[in-house]
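A closer look at the structure
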Amino acid sequence: AIKKAYRKLSIKYHPDKNTEEGAREKFNNVRDAYEILNDPEKKILFDTGGMAAVKSLAKGDVQRGQDSTIGLTTSLEDLYNGNRLPAH
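Residues numbered from 1 in each chain as written. Predicted model: local features only at pLDDT ≥ 70, side-chain atom pairs only at ≥ 80, totals over all residues. Heavy atoms only, no water.

Brief notes about the overall build of the chain
Rules: Helix and strand assignments follow DSSP, with helices taken as H or I runs no shorter than four residues and strands as E runs no shorter than two, numbered in order from the N terminus. Here the globule rule reads 2.2 Å times residues to the power 0.38, and the radius of gyration is calculated from C-alpha atoms. Remark: exposure states derive from per-residue accessible area (1.4 Å probe, protein chains only) relative to the maximum for the residue type, with buried under 20%, exposed over 50%, and partly exposed in between. In what follows, residue pairs with any heavy atoms lying within 4.5 Å of each other are defined as contacts. The method behind every accessible area is Shrake-Rupley, applied with a 1.4 Å probe, and residues are considered shielded solely by the protein chains displayed. Just so you know, the count uses Lys and Arg for positive and Asp and Glu for negative, and it drops His and the chain ends. Here the site of a charge means atom NZ of a Lys, CZ of an Arg, CG of an Asp or CD of a Glu.
When helices and strands are counted, the chain shows four helices and zero strands. Here the C-alpha radius of gyration of the chain, 21 Å, is well above what a compact globule of 88 residues would show, namely 12 Å. Along the longest, intermediate and shortest principal axes, the C-alpha atoms of the chain span 65 × 30 × 15 Å. The buried share among the 88 residues of the chain stands at 14%. Intrachain contacts of the chain at a sequence separation of at least 6 include 15% that bridge at least 24 residues. Accessible surface for the chain amounts to roughly 8,000 Å². Of this, 51% is attributable to carbon and sulfur atoms. The centroid of the 15 positive side-chain charges in the chain is displaced by 8 Å from the centroid of its 13 negative side-chain charges.

Structure follows, in structure tokens:
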């Protein structure tokens, strides 16, 4: 659905096809939105920091940290009931 909408809008606002004022800006916005929606990392950045965060990634200003994992031992009953367990 995203790809179909992108193709339709990119044709509609492409500077070679549309000479109206503002068409180039709309075309650039459509292109940027498509790139963000198709890249999970960019989508997360956009959701948390907006377009400024995505532009920072393009400049190389965003550093990605290490993923961390921890093991949890609990039962589904404790999770469902919201029981608090002591930290180990």
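Focus: a positive patch on the surface
Heads up, the rule is: Nonpolar side chains (Val, Leu, Ile, Met, Phe, Trp, Tyr) are joined into patches within 5 Å and like charges within 9 Å, using only residues with over 30% relative accessible area and no salt bridge. Any Lys or Arg side-chain nitrogen found within 4 Å of a carboxyl oxygen on Asp or Glu counts as a salt bridge.
Judged by side-chain charge, K4, K8, K12 and K26 come together as a positively charged surface patch. Element by element, the count of residues in the positive patch is highest for helix α1 (residues 2–13), at three residues. By the element assignment, K12 lies in helix α1.

Concerning the packing of aromatic side chains
Our working definition: Each Phe, Tyr or Trp ring (for Trp, its six-membered ring) is paired with any other whose centre lies within 6.5 Å, and the angle between the two planes then decides the class: stacked below 30 degrees, edge-to-face above 60, tilted in between.
Following the criterion strictly, the structure yields one aromatic pair and no others. With a centroid separation of 4.0 Å and an interplanar angle of 15 degrees, the aromatic rings of Y6 and Y34 are classed as stacked. With Y6 in helix α1 and Y34 in helix α2 (residues 23–37), this residue pair connects regions lying 28 residues apart in the sequence.

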